[in-house]
Amino acid sequence: MAMDWPEARPPRRVFILDDHTVVRAGVRLLLDDEADLVVVGESSSIAEFVSYPVAYEVVVADLILPDASGEQVVTAVRGHAPAANVLILSMVDDVNAAALALRAGAIGYLTKDAAALELVDAVRSVAEGRRYLQPALGAQLATAATPAGRSTVLRDDELAVLRLLALGHTNAEVARFLGVSLRTVESRRARLFGKLGVRTRAELFRYAADIGVLNRSGLDSPHRR
């Protein structure tokens, strides 16, 4: 339902970045019903996004796009539109994905199963430059711990090992690529499995895919010396 809004203040301009047509249509319909918000553009990829000449205060972006994923999406949006605030709207319900997005420069994170009114509230908050996290994720991020009390927010070195292991590289290849000892990789691997509560490479791969680290550039294969 539309709300009253001072006529002297123009509506906040929103751009929608999502590769699902039905999602873009739904978000546009929802936001355009609010007097203080207006959707000024939409695209299905980063390549399309950077070609739009319009100005906007908020970008509502999916975390997984055809040409970018995870923190790459946030980095690309911020690089093209540094003055815009980024709200991630994703199917990925994972505290580590949220932490990575925030670290990359997003100030809001919401999952696609959120209520319609929560999305409107999130867009308004982000438009004002205020951080918005879905309550369940916000609570997890605040504690950054599993029920066993172990951190699930990964460091950069752990993310590098996670990606390479998930892609099928051996411990020796990971060590060679990262320029560390085999013992260091084995230690990081053990710590990683313990943090995430996984037991197999398949489970590690699924986790890596969920948080969008498999498409990060610059880590394609081990260096050969």
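Here, the structure is the one placed above.
Enquirer: I'd like to hear about the overall build of the chain, residue by residue, with values.
Expert: Looking only at helices and strands, one finds 10 helices and eight strands in the chain. When each of the 225 residues of the chain is scored for burial, the buried share is 48%. A separation of at least 24 residues holds for 66% of the contacts in the chain among residues at least 6 apart in sequence. Of the roughly 10,800 Å² that the chain leaves accessible, carbon and sulfur atoms contribute 55%.

Enquirer: Let's hear about the pattern of salt bridges: which residues, and what values?
Expert: Should their charged atoms come close, side chains of opposite charge can pair. Under the defined criterion, the tally for this structure stands at 12 salt bridges. Close ionic contact of Arg24 with Glu42 constitutes a salt bridge, the shortest N to O distance being 2.9 Å. Residue Arg24 is found in helix H1 (residues 21-32), and its partner Glu42 is found in strand S2 (residues 37-43); the two are separated by 18 residues along the sequence. Here Lys112 and Asp62 are joined by a salt bridge, their closest N and O atoms 3.3 Å apart.

Enquirer: Go over the nonpolar core, please, and point to the residues and values.
Expert: Judged by nonpolar contacts, the single largest core of 26 residues is most densely connected at Leu17, Phe49, Val59, Val77, Ile88 and Tyr109. Ranked by residues supplied to this core, first place goes to helix H4 (residues 95-104) with four residues. Residues within four places of Val77 in sequence aside, it is in contact with Leu17, Ile46, Phe49, Val59, Pro82 and Val86. Val14, Ile16, Leu89 and Ala122 belong to the second-largest nonpolar core, a separate cluster that totals 20 residues.

Enquirer: Outline the environment of Asp156, listing residues and values.
Expert: Counting through the fold element by element, Asp156 comes out in helix H7 (residues 156-166). Since its relative accessible area comes to 52%, Asp156 is described here as exposed.

Enquirer: I'd love a proper account of the sheet that holds strand S3 (residues 58-61), names of residues and values included.
Expert: As a general point, the strands of a sheet are linked pairwise by backbone hydrogen bonds and lie either parallel or antiparallel. In spatial order, the strands read S2-S1-S3-S6-S7-S8; together these six strands make up an open sheet with parallel pairing. Whereas interior strands pair on both sides, the edge strands pair on one side only; in this sheet they are S2 and strand S8 (132-133). In this sheet, strand S6 (residues 85-90) lies alongside S3 in parallel orientation, the contact comprising four bridges. Bridged to Val59 within S6 is Val86. On the sheet, H1 packs against strand S1 (12-17), S2 and S6 and is oriented at approximately 165° with respect to S2. Packing of H4 onto the sheet brings it into contact with S6, strand S7 (108-111) and S8, and relative to S7 it is tilted by some 150°.

Enquirer: For H1, give the residues involved together with the corresponding values.
Expert: For H1, spanning 12 residues, the distance from its first C-alpha to its last is 16 Å, which sits close to the expected 16 Å at 1.5 Å a residue. All buried positions along H1 are accounted for by Arg24, Val27 and Leu31. Angular distribution of buried residues about the axis of H1 spans 70°; they occupy a single face of the element. Those residues of H1 that are exposed and aimed more than 90 degrees away from the buried face are Thr21, Val22 and Leu29. In this structure, the buried side of H1 is in contact with S1, S2, S6 and helix H5 (116-127).

About the thresholds
Residues numbered from 1 in each chain as written. Predicted model: local features only at pLDDT ≥ 70, side-chain atom pairs only at ≥ 80, totals over all residues. Heavy atoms only, no water. Helix = DSSP H or I, 4+ residues; strand = E, 2+ residues; numbered from the N terminus. Buried < 20%, exposed > 50% of the residue type's maximum accessible area, 1.4 Å probe, protein only. Contact = heavy atoms within 4.5 Å. Areas by Shrake-Rupley, 256 points an atom, 1.4 Å probe, with all protein chains shown as cover. Salt bridge = Lys/Arg side-chain N within 4 Å of Asp/Glu carboxyl O. Core = buried A, V, L, I, M, F, W, Y, C linked by side-chain atoms within 4.5 Å. Pairing = 2+ DSSP bridges. Axes fitted to C-alpha atoms, helices over the stretch in contact; angles between N-to-C directions. Expected span 1.5 Å × (residues − 1). Arc of directions from axis to C-beta.

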